[in-house]
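A structural walkthrough
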Amino acid sequence: MRHEVKKISRIVDELTTMLLKDDTNEVDFKIKMDLKQTVITIVDYHSRCDEKKIERLRESLSIQRQHEMEEYYWQLAGESDCDDELTLVGAMIDEATIELKDGNLHIQLIRYRE
Amino acid sequence: MIPIRKVEEKKLSQDQLIFRLSIFPILFLVFGLFVQTQAESWSTNMVNIFTSPGTLLTDFFEVGGIRAAFTNAALMGGLTLYLLHRYQVRIGGLSIAAFFTVLGFSFFGKNPLNIFPIFVGGAIYCRYQRIQMRDILLVLLFSTGLSPIVSQLMFAGIFPIRIAIILGMGFGCLIGFIIVPISAHMLRFHDGFNLYNLGFTAGIIGTIFTSIMRSFKIEIEPVFLVYQRNHGLMIVFLACLFVYLILLGIGINRDVVHKYWSILRFPGRTVTDFTMLVGYGITFVNMGIMGLLSLLYVVLIGGVLNGPVLAAILTVVGFSAFGKHPKNSFFVILGVWIAAVFFGYSLNSTGMILSVLFATTIAPIAGTYGPIAGIIAGMLHLALVTNIGGVHGGINLYNNGFSGGLVAGFFVPIIDAFKKGGK
């Protein structure tokens, strides 16, 4: 897959912007790439998100992977700070898990390599 | 942050959605059979369309008559749906926008012959990069806005016919090969505030191509071959198609009357896929409403519903699945209007109607930054669009997309410079 590392960076960029802007001031990111998949693990400390907001975030990130959208628009992810591109991030990943534990928001995103 | 709300509506499979969209090319074919205005045979008119240089503004109603123009649009629409089905592309906001854009521009500029080499180039690119056709199909569909390059080289009489065919096919393939990386890169210039990103990309490529041709003393200039008669039946026919979209939306989501307004809160910046954000029901209703409003505008202003205007209306309808709605479009249109009155343009001329309808490409500026920014952007758009056609010699059919990209890339950073506070 072309520009794979750059696409992962864009996803992280977009989520960093969104979390720091709308929710918290402390975020951890871990990225693990192997031949089959990339796993992005995010811990958003002292989250102010309520269940309703988390559910909506879950739905935004859980739309199916859309290769045609990704190939055309991936360079837009993380570009703007006036608006988010969660739909685009959702179109660039295959699985998303979002949970609130002890006041911290745990997000895990999986992107398969073809 | 405006995340997705869970949408409760009737679920349709991808094939069912394609079937519902196929009503458009089917009815276009039927309509073409019933309406005839020229004495020449259908086949002669089809040949005229296929061999027309197709540069802006070449109205296929004028070149080949209404029957052949509708047949060409039906062919192109059917071909687009076949490709979407064949490569299993999701029928979402972007693919709906691509379908209606191709359908519309088949009334002025696009035909199966001049888009063919672009797809061949795209297929070569896929092979070279080892990616699937599915990944780039939508970009290729939009990139057919550069198809006049193929027709111009093949049929404008610049070169002997054999060389012309080789050059036309060769340049078409080259466009298909290079368009994907260029279009993705161009997005960063306007940050998604110009919905017709391929228009901007095609404008850049067209400018480079035309400049090279002019360096060889080969002149490419825009033309003005536009049909100037109105047909009441065509207006009724289009209105029925837009009502069909509204009924289709209501059939999918019974609660659409109460929930339609939720679409108006979206700024519309790319990527705003309404089918994912508010569901297919509200999206189809939005498309129908935008189509009816556009048609009403043309009728009330006293304009002619010719090929280019039909293309503009259908493109607005398509992009109403991918960012446009009445609220973010209104202030941009108002800006174009104010500028038109100020500069003394005739509001009911075909060129002016096209500028008004296509100006909605920068609707996300109004949606994001408010009415004043939208009005100023609309005014800037008119100033630009009336002057940049000559730069690319009319070989980019998406002239307004080119202008919209320049306006957004220039204006959005200025708005940002004046914005105070925030993280």
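All values reported here derive from a predicted model rather than from experimental measurement.

Conventions adopted
- Residues numbered from 1 in each chain as written.
- Chains lettered and ligands numbered in written order.
- Predicted model: local features only at pLDDT ≥ 70, side-chain atom pairs only at ≥ 80, totals over all residues.
- Heavy atoms only, no water.
- pLDDT = per-residue confidence, 0-100.
- Pairing = 2+ DSSP bridges.
- Helix = DSSP H or I, 4+ residues; strand = E, 2+ residues; numbered from the N terminus.
- Contact = heavy atoms within 4.5 Å.
- Salt bridge = Lys/Arg side-chain N within 4 Å of Asp/Glu carboxyl O.
- Polar contact = N/O pair within 3.5 Å; in protein donor to acceptor, adjacent residues only side chain to side chain.
- Patch = residues over 30% accessible without salt bridge, like charges linked within 9 Å, V, L, I, M, F, W, Y side chains within 5 Å.
- Areas by Shrake-Rupley, 256 points an atom, 1.4 Å probe, with all protein chains shown as cover.
- Buried < 20%, exposed > 50% of the residue type's maximum accessible area, 1.4 Å probe, protein only.
- Axes fitted to C-alpha atoms, helices over the stretch in contact; angles between N-to-C directions.

With that settled, consider the confidence of the model for chain B. Mean pLDDT for chain B: 93, with 96% of residues reaching 70 or above. Confidence metrics for the complex model read pTM 0.94 and ipTM 0.87.

Let us now look at the pairing of strand β4 (residues 104–112) of chain A. Residue and element names in this part refer to chain A. As defined by bridge partners, strand β2 (residues 37–44) adjoins β4 across eight bridges and the pair is classed as antiparallel. Paired with T38 across the bridge in β4 is R111. Judged from the seven bridges that link them, strand β3 (residues 95–101) and β4 form a sheet pairing that is antiparallel. When the bridges of β4 are listed, T97 appears paired with Q108. Where β3 hands over to β4, the hairpin turn is made up of two residues, of which D102 adopts a positive phi near 50°.

Here we come to the interface of chain A and chain B. Opposite the 34 residues of chain A that make contact, chain B presents 41 residues. Across the contact surface, chain A and chain B share one salt bridge. One salt bridge connects R269 of chain B with E85 of chain A, and the closest N-O pair in it is separated by 3.0 Å. The interface formed by chain A and chain B includes four residue pairs in polar contact (both at pLDDT 80 or more). Elements that contribute at least two residues to the side of chain A that touches chain B include exactly α1 (4–22), α2 (51–61), α3 (67–73) and α4 (86–92) of chain A.

Before going further, it helps to spend a moment on a nonpolar patch on the surface. Residues and elements named next belong to chain B. Side chains of I26, L27, V30, L33 and F34 sit close together on the surface and give an oily, nonpolar patch of about 490 Å² of accessible area. One can find L33 in helix α2 (residues 23–34). Classification of L33 by relative accessible area gives exposed; the value is 54%.

A few words on the sheet that holds β3 of chain A. Residue and element names in this part refer to chain A. Taking strand neighbours across the sheet as the criterion, the four strands line up as β1-β2-β4-β3 in an open arrangement whose pairing is antiparallel. Where the open sheet ends on each side, the last strands, each with one partner, are β1 (27–33) and β3. Pairwise comparison of adjacent strand axes, ignoring direction, gives a mean angle of 10° for this sheet. Helix-sheet contacts for α1 involve β1, β2 and β4, and the interaxial angle to β1 is about 165°. Relative to the sheet, α2 contacts β3 and β4, its axis offset from that of β3 by approximately 165°.

Scanning all chains against the criterion turns up 13 salt bridges over all chains. E99 of chain A is paired through a salt bridge with K101 of chain A; the nearest N and O atoms lie 3.9 Å apart. Between D273 of chain B and R90 of chain B there is a salt bridge, and its shortest N-O distance comes to 3.4 Å. With D273 of chain B in the loop between α12 (256–259) and α13 (274–277) and R90 of chain B in the loop between α4 (60–86) and α5 (93–105), this residue pair connects regions lying 183 residues apart in the sequence. You'll find D273 of chain B and R90 of chain B in the same group, each marked buried. The network of salt bridges with common partners includes E4, K7, R65, E70, E71, D94 and R111 of chain A.

Residue and element names in this part refer to chain B. Where burial is concerned, most of helix α17 (residues 350–358) is hidden: eight out of the nine residues are buried. Within the span of α17, buried status applies to T350, M352, I353, L354, S355, V356, L357 and F358. The secondary structure elements touched by the buried residues of α17 are α5, α14 (279–301), α15 (307–319), α16 (326–343), α19 (371–385) and α20 (399–418).

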